[in-house]
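Architecture at a glance
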Amino acid sequence: MASKPEAGQGFPLINVARLGGGELELGAPAHGHDWRLVVVYRGKHCPVCTKYLSALNALLPELNALGIDVVAVSADPQEKAEIQMAEVRHDFEVGYDLTLAQMRTLGLYVSQPRSAAETDRPFAEPGLFVVNAEGKLQVVDISNAPFARPDLKSLLMGLTFIRNPENNYPIRGTHA
């Protein structure tokens, strides 16, 4: 595994194919938002991912109200991403075909499929990145297991606190 991105650093420039056409720059907020939440999920073979992405979609209006744009991305090819997102019924943008080099740039854990029935390529384990208005990593969460991810309601609560200007909350974990 490459070194992990550090809190307070700039989010790396990573472009992937966008479900529905075109390209998606992972760290660039869109749709009038100034922050972006990037969720890396394992892929169609992961039922935990489908539940997590569905829960994320349910919180999307609250995240958007905070000025936070949401994207999800995996190493899955377009066909698998389309099938899974049809089940999720997502309202956020989705990227696919995340490469091994891009996974390493993000400091993600990468797993080999246990069998061809699982999937046909190496895939990223979960990662979650919150990119602030300056393009810096406000929150970094990297896991090596599908069941070890941030609770989305707790994340929303924390982001609500951070986004409140009265709290003047700094990026945590930057002590050298």
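The structure under discussion appears in the preceding block.
The next subject is unusual backbone geometry. In the Ramachandran plot, aspartate 97 falls in the positive-phi region, its phi being about 60° despite a non-glycine side chain. For asparagine 168, which is not glycine, the phi dihedral falls at a positive 45°. In this fold, asparagine 168 is placed in the segment after α4 (152-163).

This paragraph deals with the sheet that holds strand β5 (residues 93-96). Sheet strands associate in pairs through backbone hydrogen bonding, adopting either a parallel or an antiparallel arrangement. Strand order in the open sheet formed by 7 strands is β2-β1-β5-β4-β3-β8-β9, with mixed pairing between adjacent strands. Across the chains shown, the open sheet's two edge strands, defined by having one partner strand only, are β2 (23-25) and β9 (137-142). Between one strand axis and the next, the sheet turns through 30° on average, direction left out of account. As paired elements, strand β1 (residues 15-18) and β2 share 3 bridges and run antiparallel to each other. Its bridge partner being in β2, asparagine 15 is matched across the sheet by glutamate 25. Packed onto the sheet, helix α1 (residues 47-65) meets β3 (35-40), β4 (68-73) and β8 (127-131) and runs at close to 160° relative to β4.

By the secondary structure assignment, phenylalanine 92 is in the loop between α2 (78-88) and β5. The class of phenylalanine 92 is buried, set by a relative accessible area of 4%. Among all residues touching phenylalanine 92, those that are not within four sequence positions of it are Leu53, Leu56, Asn57, Leu60, Val70, Ala72 and Met85.

Take the packing of α1 against α4 next. With their axes 10 Å apart at the nearest point, α1 and α4 run at an angle of 25° to one another. It follows from the interaxial angle that α1 and α4 lie roughly parallel. For the pair α1 and α4, the sense of crossing is right-handed. Mapping the contact onto sequence places Tyr52, Ala55, Leu56, Leu59, Glu62 and Leu63 in α1 and Leu152, Lys153, Leu156 and Leu159 in α4. Residue composition of the contact of α1 with α4, by class: 8 nonpolar, no polar and 2 charged.

Burial analysis of β3 places 6 of its 6 residues in the buried class, which makes it a mostly covered element. Of the two faces of β3, the one carrying Trp35, Leu37 and Val39 and the one carrying Arg36, Val38 and Val40 are both buried. With 6 bridges connecting them, β3 and β4 associate as parallel partners. Bridging from a neighbouring strand, leucine 37 pairs with valine 70 of β4. The parallel pair β3 and β4, bridged by α1, forms a crossover whose chirality is right-handed. Sheet analysis places β3 next to β8, joined by 5 bridges and oriented antiparallel.

Rules used in this analysis
Residues numbered from 1 in each chain as written. Predicted model: local features only at pLDDT ≥ 70, side-chain atom pairs only at ≥ 80, totals over all residues. Heavy atoms only, no water. Helix = DSSP H or I, 4+ residues; strand = E, 2+ residues; numbered from the N terminus. Pairing = 2+ DSSP bridges. Axes fitted to C-alpha atoms, helices over the stretch in contact; angles between N-to-C directions. Contact = heavy atoms within 4.5 Å. Buried < 20%, exposed > 50% of the residue type's maximum accessible area, 1.4 Å probe, protein only. Parallel < 35°, antiparallel > 145°, perpendicular 65-115°, else oblique. Left-handed = near helix turned anticlockwise from the far one by under 90°. Nonpolar A, V, L, I, M, F, W, Y, C, P; charged D, E, K, R; others polar. Right-handed = clockwise from strand over helix to strand, strands pointing away.

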